[in-house]
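Residue strings, one per chain:
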Amino acid sequence: MKELVEVIAKALVDHPEEVVVTETDLGDSIQVDLKVAAADMGKVIGRQGRIAKAIRSVVKAASTRTDKKVVVEISQ
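What comes next concerns the included structure. Because the structure is predicted, anything quoted here is derived from the model rather than measured.

What counts and what doesn't
Sequence order as written defines the numbering, with residues in each chain counted from 1. Only residues with pLDDT of 70 or above have their local features reported here, since the model is predicted, and side-chain atom pairs are shown and tallied only from 80 upward, although totals for entire chains, interfaces and linings are computed over all residues. To obtain the side-chain values, all non-hydrogen atoms of the structure were used and water was disregarded. Every helix listed is a DSSP run of H or I at least four residues long, and every strand listed is a run of E at least two residues long, numbered separately from the N terminus. The globule rule used here is 2.2 Å times the number of residues to the 0.38 power, and the radius of gyration it is set against is calculated over C-alpha atoms. Contacts were defined at the residue level, with two residues in contact if any of their heavy atoms lie within 4.5 Å. The nonpolar core is taken to be a set of buried Ala, Val, Leu, Ile, Met, Phe, Trp, Tyr and Cys residues, with the residues joined through side-chain atoms within 4.5 Å. Buried residues are those whose accessible area, probed at 1.4 Å on protein chains only, stays under 20% of the maximum for their type, while exposed residues exceed 50% and partly exposed ones sit between those limits. Any Lys or Arg side-chain nitrogen located within 4 Å of an Asp or Glu carboxyl oxygen qualifies as a salt bridge. Only when DSSP finds a minimum of two bridges between them are two strands counted as paired. Note on geometry: axes are lines fitted to C-alpha atoms, helical ones only across the stretch in contact, with angles between N-to-C directions running from 0 to 180 degrees.

### Quick word on the overall build of the protein chain
Here is step 1: Broken down by element type, the protein chain carries three helices and three strands.
Here is step 2: In the protein chain, the order of α-helices and β-strands from amino to carboxyl end is α-β-β-α-α-β.
Here is step 3: In terms of overall size, the protein chain behaves like a compact globule, its C-alpha atoms giving a radius of gyration of 12 Å where 76 residues would be expected to give roughly 11 Å.
Here is step 4: Principal-axis analysis of the C-alpha atoms gives the protein chain an extent of 35 × 20 × 15 Å.
Here is step 5: Across the protein chain, every contact between residues at least 6 apart in sequence was considered, and the portion connecting residues at least 24 apart equals 53%.

Okay, structure coming up:
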C-alpha cells in the first residue's frame, strides 16, 4: 500500500522529493501516513476533499487482497 500511495502522491504534487509515506501495521489494520509539503496540501486534498477521498478509495480497493482495513492519513 505504501508504494501505491507514494506513486499517486508524487504524480499530484509540485515537490515530489518532499513526499514521505510511512506504513504501520496495527494488527487487523494498516495505517498509511502521507506527508507532503505545505504548498502541496491543497493538491493532495482537492476541492472539498475529493482527491483525498479518491486516494482512499483506490487504496481500499487494492487492500481487498490483504484482508486488512487500510487507513490513509494526510498531513504536512
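### Digging into the nonpolar core
Here is step 1: Formed by 18 residues in total, the largest nonpolar core has its most connected members in Val 32 and Leu 34.
Here is step 2: Secondary-structure elements contributing two or more residues to this core are helix H1 (2–12), strand S2 (29–35), helix H2 (41–45), helix H3 (50–62) and strand S3 (69–75).
Here is step 3: The residues contacting Leu 34, other than those within four sequence positions of it, are Val 5, Ala 9, Val 19, Val 20, Val 21, Val 44, Glu 73, Ile 74 and Ser 75.

### Comments concerning the pattern of salt bridges
Here is step 1: In total, this model carries three salt bridges according to the counting rule given.
Here is step 2: Ionic pairing is found between Lys 10 and Glu 6, a salt bridge with its closest N-O pair at 3.2 Å. One end of the pair is Lys 10 and the other is Glu 6, both in helix H1 and four residues apart, which spans about a single turn.
Here is step 3: Glu 6 gets classed as partly exposed once you look at its relative accessible area, which sits at 22%.

### Things to note about the sheet that holds strand S1 (residues 20–25)
Here is step 1: Taking strand neighbours across the sheet as the criterion, the three strands line up as S1-S2-S3 in an open arrangement whose pairing is mixed. Sheet topology places S1 and S3 at the edges, where each strand pairs with a single neighbour. Between one strand and the next, the sheet's axes are offset by a mean angle of 20 degrees, whatever the strand orientation.

### Regarding the pairing of S2
Here is step 1: Extensive coverage of S2 is indicated by the burial of five of its seven residues.
Here is step 2: Where S1 and S2 come together, six bridges link them in antiparallel fashion. Note that in S2 the partner of Glu 23 across the bridge is Val 32.
Here is step 3: Joining the antiparallel neighbours S1 and S2 is a turn of three residues, in which Gly 27 adopts a positive phi near 90 degrees.

### Side note on unusual backbone geometry
Here is step 1: For Gln 48, which is not glycine, the phi dihedral falls at a positive 55 degrees.
Here is step 2: Tracing the backbone through its elements, the reader meets Gln 48 in the loop between H2 and H3.
Here is step 3: In this structure Gln 48 comes out as exposed when scored by relative accessible area, which is 76%.
Here is step 4: Although it is not a glycine, Asp 67 adopts a positive phi angle of roughly 60 degrees.
Here is step 5: One can find Asp 67 in the loop between H3 and S3.
Here is step 6: Residue classification places Asp 67 among the exposed residues on the basis of a relative accessible area of 71%.

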